[in-house]
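One letter stands for each residue in the lines below.
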Amino acid sequence: AEFETVVQLAPNHLNGQFRLGVLYGQRGEHDGAIRAFSAVLRSNPEHLLARFNIALAFRKTGDGLWAKRHLELVVKQNPRHSGAHTSLGNIYYASGDIAQAIAEYRVALDSEPGYVRARRNLAVALKQQGDLSGAIAEYRAAIGLQTADPALHIEYADTLLAGGETTAAAVAYQQALLLLPQTRDQSDLRSRITLQLQQLTP
């Protein structure tokens, strides 16, 4: 409410518009975020964070075309923007262009090797392409960066199993079970992993 008052009194207050856009985005009000970031970009087309955030907001509304246009402008301004390359990869992946998605994820990782989301998405795309050994290597690297994420271990185990590495898959499933919280909403997933382990363990 305070930031809305600020921008009503001073529409050209860029920081106020930007902060308002961020708050709208955090609340899931993506149309409001787009309006606020658009106001920033009208005054300063080179505002990189506003450009990147408006792209994310467009993606949330399902408008992949405008999201892609803004992301392309981001990487034109900063060719090493790992977040923009990862988001572009996600758009290409969703459209079925797996090869281009992989290329974008690799550019993101060239700029930021520790970017777990890009590495994980690369693993998913490689698996989709049929490159199981490449996917396994990327999952191993991602787990090395983020060891306590049970979902990563499950995806890694599933990929190992698809590649015929049953012993390693069993170890990965066991690690996932150790990390999964003992909550009701995770009970179905725990049951699936337990059943998978029973089938893998003589």
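So, here is what we can say about the structure in this document. This structure is a prediction, so every number in the text was calculated from the model and none was measured.

Attention now goes to the environment of A137. Among the structural elements, A137 can be located in helix 9 (residues 132–145). Sequence separation between A137 and R119 is 18 residues, and the spatial gap between their C-alpha atoms is 9.9 Å.

This part covers the nonpolar core. By size, the foremost hydrophobic cluster in this structure holds 35 residues, and its most contacted members are F37, A50, I54, L71, A84, I102 and L122. Mapped by element, the contributors of at least two residues to this core are helix 2 (14–26), helix 3 (30–43), helix 4 (48–60), helix 5 (64–77), helix 6 (82–95), helix 7 (98–111) and helix 8 (116–129). With sequence-adjacent residues up to four places away left out, I102 is seen in contact with L122, A125, L126 and Q129. Counting 20 residues, the second-largest nonpolar core is a separate cluster that includes A123, L152, A172 and Y173.

Here helix 5 contains 14 residues, and its C-alpha end-to-end distance of 20 Å stays within 8% of the 20 Å for a straight helix at 1.5 Å per residue. When helix 5 is considered as a whole, its buried residues turn out to be A67, H70, L71, V74 and V75. All buried residues of helix 5 lie within an arc of 140° about the axis, which places them on one face of the element. Turned more than 90 degrees off the buried face of helix 5, the exposed positions are L65 and K76. Taken together, the buried residues of helix 5 touch helix 3, helix 4 and helix 6.

A few words on the packing of helix 4 against helix 6. When two helices pack together, you describe them by how their axes are tilted relative to each other and by the distance separating the axes. Relative orientation of the contacting elements helix 4 and helix 6 amounts to 20°, with a least axis distance of 11 Å. Comparing their axes, helix 6 and helix 4 come out roughly parallel. In this structure, helix 4 crosses over helix 6, and the sense of that crossing is left-handed. Two secondary-structure elements touch here, helix 4 through F52, L56 and R59 and helix 6 through G83, A84, S87, N90, I91 and A94. A per-class count over the contact of helix 4 with helix 6 returns 5 nonpolar, 3 polar and 1 charged.

The rules we used
Residues numbered from 1 in each chain as written. Predicted model: local features only at pLDDT ≥ 70, side-chain atom pairs only at ≥ 80, totals over all residues. Heavy atoms only, no water. Helix = DSSP H or I, 4+ residues; strand = E, 2+ residues; numbered from the N terminus. Core = buried A, V, L, I, M, F, W, Y, C linked by side-chain atoms within 4.5 Å. Buried < 20%, exposed > 50% of the residue type's maximum accessible area, 1.4 Å probe, protein only. Contact = heavy atoms within 4.5 Å. Expected span 1.5 Å × (residues − 1). Arc of directions from axis to C-beta. Axes fitted to C-alpha atoms, helices over the stretch in contact; angles between N-to-C directions. Parallel < 35°, antiparallel > 145°, perpendicular 65-115°, else oblique. Left-handed = near helix turned anticlockwise from the far one by under 90°. Nonpolar A, V, L, I, M, F, W, Y, C, P; charged D, E, K, R; others polar.

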